[in-house]
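Analysis of the macromolecular model
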Amino acid sequence: MERTVDYDGARVKLIDQRLLPAEFKLVYIDAVDDMAFAIKDMIVRGAPAIGVAAALGVVLGAKNSQATDKAALMADIDSACETLKNTRPTAVNLFWGIDRMRDVAAKTEGSVADIIEAMEAEGRAMLDADEAACRALGAHGAELLPDECVIMTICNAGALATVAYGTALGVIRAAAEAGKKVKVFSLETRPRLQGMKLTCYELMADGIDVTCVSDGMAGSVLRSKGVNAVVVGADRIAANGDTANKIGTYSLAVEAKYHNVPFYVAAPVSTIDFNLESGGLIPIEERAEEEMTALGGTRIAPEGLKVYNPAFDVTPAELITAIVTEKGVVKSPNAEKMAVLK
Ligand code: MRU
């Protein structure tokens, strides 16, 4: 499958995820404001994908700068960073990617051209590293799964949410590649339906057996369909292992606990925020009411209805069987065990 995010030396390529699965369209971004819009409007989405896309957005800011010395270039880079940070608050990869790219600029000595060259090299390295991290964590996660696995997942933590391969779906792909018999239940994931539109699309393209169920069916499917693992992605993991992910993940973790089904979080180390002690400190994005009150542009709710639409929730570490990263697996996560991933 085509990389979800890529860079051709002038423009950043994205797959327009708002249109899938009906239409597969590539979007080419060459300006900071357009990248900020792409992140906010969810042309590109998923924590690792927005982290790398935002970092490449900083590169575009530097390339479009008219500066002739480092001080002026850094001022333009700082303004690009500010614009890009002001898009989606929950996924820490966004801030990680932007800060990492700014650091490269700040540390590089030489001309404006030298600095931009170093930033572009960093962007390319980040693209490759994200894919490599997904493949590595996928392999670690696959080892945790039985030879015949029935997996439930939520939202889309797949190739479309990363540069390629995916985190939760990376684990599922690696299990299938290792010859395990894999069956997946994908929660449709209201209100934006990333589970049905994106996860099912990806898995079907790979020939992996997937069945879509509505979010409210999770408990009854866990009880009756032989699910033996839940695997989800993450937008931000606090230092103690508490994990923010798509709204509905917490309920799924509670239901998995009740049914004695192991609950795995799959994420690259770039999703861990060691500066936050626990999940209660993670900022949770609230999105527009229309995501809930309209379907395909048609209003389906009574006029004047009060709506609460947080995009994410926090699953406490005590409900998580293990956190799977490219650096290895942390079982029964807590602050002390998570620290080995620093
Ligand atoms: O609002 P989204 O679609 O960006 O939310 C995405 C998720 O919640 C994913 O599970 C998470 O970012 C991990 S992606 C590998």
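Everything discussed here concerns the structure shown above.
Residues numbered from 1 in each chain as written. Predicted model: local features only at pLDDT ≥ 70, side-chain atom pairs only at ≥ 80, totals over all residues. Heavy atoms only, no water.

**Quick word on the sheet that holds strand β8 (residues 236-238)**
We count it as follows: The criterion for strand pairing is that DSSP finds at least two bridges linking the strands in question. Under the scheme used here, helices are H or I runs from DSSP no shorter than 4 residues and strands are E runs no shorter than 2 residues, and both carry numbers assigned from the N terminus.
Within the open sheet, the 4 strands sit side by side as β11-β8-β9-β14. Their pairing is mixed. The sheet is open, and its two edges are formed by β11 (272-273) and β14 (312-315), each paired on a single side. Pairing of β8 with strand β9 (residues 243-246), which is carried by 2 bridges, proceeds in the antiparallel orientation. Of the residues in β9, the one forming a bridge with R236 is A244.

**A short note on the site of the ligand**
Quick note on the threshold: The rule for a residue being near a molecule or strand is that one of its heavy atoms must lie within 4 Å of it. Pairing of N or O atoms within 3.5 Å defines a polar contact, subject to two protein rules: one partner must be a possible hydrogen donor and the other a possible acceptor, and residues neighboring in sequence count only if both atoms are side-chain atoms. Only Asp, Glu, Lys and Arg are considered charged in this grouping, and only Ala, Val, Leu, Ile, Met, Phe, Trp, Tyr, Cys and Pro are considered nonpolar; every other residue, Gly among them, is considered polar.
Lining the immediate surroundings of the ligand are 18 residues, of which R45, R88, D235, N245 and K246 lie closest. Side-chain polar atom of N245 to an oxygen atom of the ligand: 2.6 Å apart, as the coordinates give it. Elements supplying a minimum of two residues to the shell around the ligand: α2 (47-63) and β9. When the residues that make up the shell around the ligand are grouped by side-chain class, the tally is 8 nonpolar, 6 polar and 4 charged.

**So, the packing of helix α6 (residues 168-177) against helix α7 (residues 194-205)**
We count it as follows: The axes are straight lines fitted to the C-alpha atoms, using for helices just the contacting stretch, and the angles between their N-to-C directions are given from 0 to 180°. Angular relationships are summarised with four words: roughly parallel below 35 degrees, roughly antiparallel beyond 145, roughly perpendicular across 65 to 115, and oblique for the angles in between. Should the near helix be turned anticlockwise from the far one by less than a right angle, the crossing is termed left-handed; should it be turned clockwise, right-handed. We call two residues in contact whenever any of their non-hydrogen atoms come within 4.5 Å of each other.
At their nearest, the axes of α6 and α7 sit 12 Å apart, and the two run at 20° to each other. The angle between α6 and α7 places the two elements in the roughly parallel class. Handedness of the crossing formed by α6 with α7: right-handed. Every residue of α7 that contacts α6 at L169, I172 and R173 is listed here: T199, E202 and L203. For the contact of α6 with α7, the class distribution of residues is 3 nonpolar, 1 polar and 2 charged.

**What to know about the pairing of strand β10 (residues 263-266)**
Note the following rule: Buried means the residue's accessible area, taken with a 1.4 Å probe over protein chains only, is under 20% of the maximum for its type, while exposed means over 50%, and partly exposed covers the values in between.
Here β10 shows no split at all, with F263 and V265 on one side and Y264 and A266 on the other all buried. As judged from the 3 bridges shared by strand β7 (residues 229-232) and β10, these two strands associate in the parallel manner. When the bridges of β10 are listed, V232 appears paired with V265.

**Points about the sheet that holds strand β2 (residues 12-15)**
Strand-to-strand pairing in sheets goes through backbone hydrogen bonds, with the strands running parallel or antiparallel. The strand order across the open sheet formed by 3 strands is β1-β2-β3, and the pairing between neighbours is antiparallel. Because the sheet does not close on itself, it has two edges, and the strands there are β1 (5-7) and β3 (26-29). Taken pair by pair, the neighbouring strands of this sheet meet at an average axis angle of 25°, ignoring direction.

Geometric descriptors of this kind do not, in isolation, establish any biological role.
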